[in-house]
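Close look at the chain arrangement
Here are the chains, one letter per residue:
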Amino acid sequence: SICGLPCMLSSFLPGQEEGNVPYVEQNGFGAYSGDPAVIANTVSEWLETPEMLAQMKEKALEASRPSATLDIAKDLANIA
C-alpha cells in the first residue's frame, strides 16, 4: 500500500499473514482470491476502470505506514 497500488492477494501464511486479507479488503485497496480466473477478472476490472484505480490508490496511501519497518526495528532494539 505504500506505493499507492492496488493489492491482489493470492495466498497467505496462516497466522502470520492471515490478517492481511481482511485489512486489504476492508480498507478498500485490494482483494483476495486463490483462483487464477478470479484474479485475472478482478485485475482486469481494476485496469479497465480508472476511477476505481484512483480510489484504490487513495485508500492504499491512507492505509500505508511507510515507517513501520523502521519502527519495528527500533522497538526490537529497545527490548535488547
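These lines cover the structure that appears in this document, whether it is placed above or below.

Conventions we followed
Throughout, a residue's number is its position along its own chain's written sequence, starting from 1. Only residues with pLDDT of at least 70 get local features here, since the model is predicted, and only at 80 or more are side-chain atom pairs given and counted; chain-wide, interface and lining totals rely on the full set of residues. Remark: hydrogens and water are excluded; side-chain values derive from all non-hydrogen atoms of the structure. Note on conventions: DSSP H or I runs of at least 4 residues are helices, E runs of at least 2 residues are strands, and numbering of each starts at the N terminus. Only C-alpha atoms enter the radius of gyration; for comparison, a globular chain is expected to reach 2.2 Å times N to the power 0.38, where N is the number of residues. Throughout, a contact is declared for two residues whenever any of their heavy atoms are within 4.5 Å. For accessible areas, the Shrake-Rupley method is used with a probe of radius 1.4 Å. Any residue's cover is judged against the shown protein chains and nothing else. For this analysis, a nonpolar core means a set of buried residues of the types Ala, Val, Leu, Ile, Met, Phe, Trp, Tyr and Cys, connected via side-chain atoms within 4.5 Å. For every residue, the accessible area obtained with a 1.4 Å probe (protein chains only) is divided by the maximum for its type, and the residue is called buried under 20%, exposed over 50%, and partly exposed between those limits. Polar contacts here mean pairs of N or O atoms no more than 3.5 Å apart (in protein, one a potential hydrogen donor and the other a potential acceptor; neighbouring residues in sequence count only if both atoms are side-chain atoms). Patch definition: residues with relative accessible area over 30% and no salt bridge; like charges joined within 9 Å; nonpolar side chains (Val, Leu, Ile, Met, Phe, Trp, Tyr) joined within 5 Å. What makes a salt bridge here is a side-chain nitrogen of Lys or Arg within 4 Å of a carboxyl oxygen of Asp or Glu, nothing more.

**Details of the overall build of the protein chain**
When you go through the protein chain residue by residue, the secondary structure sums to 4 helices and 2 strands. For 80 residues, the compact-globule formula gives about 12 Å, and the C-alpha radius of gyration of the protein chain, at 15 Å, lies well above that figure. With the C-alpha coordinates of the protein chain rotated into their principal frame, the extents come out at 50 × 25 × 15 Å. Residue pairs in contact within the protein chain that sit at least 24 positions apart in sequence constitute 55% of those at least 6 positions apart. Accessible surface, the protein chain as shown: approximately 5700 Å² in total, 56% of it carbon and sulfur.

**Points about the nonpolar core**
In a soluble, globular protein the nonpolar side chains are often hidden away together inside. Core analysis: the largest hydrophobic core is formed by 6 residues, namely Leu9, Val21, Val24, Phe29, Ala60 and Ala63. Not counting chain neighbours up to four residues away, the residues in contact with valine 21 comprise Leu9, Phe12 and Tyr32.

**Let's talk about the side chain of serine 64**
As for its placement among the helices and strands, serine 64 is situated in the loop between helix 3 (50-63) and helix 4 (68-79). Side-chain polar atoms of serine 64 contact the backbone oxygen of leucine 61, separated by 2.8 Å.

**Notes on a nonpolar patch on the surface**
A cluster of nonpolar side chains, namely Ile72, Leu76 and Ile79, defines an oily patch on the protein surface of about 340 Å² accessible area. Within the fold, isoleucine 79 resides in helix 4. Under the relative-accessibility criterion, isoleucine 79 is labelled exposed at 68%.

**Structural notes on the environment of leucine 9**
Residue placement: leucine 9 occurs in strand 1 (residues 7-9). For leucine 9, a relative accessible area of 15% gives the class buried. A C-alpha to C-alpha distance of 4.6 Å links leucine 9 and tyrosine 32, two positions 23 residues apart in sequence. When neighbours within four sequence positions are excluded, leucine 9 is seen to be in contact with Asn20, Val21, Val24, Ala31, Tyr32 and Ser33.

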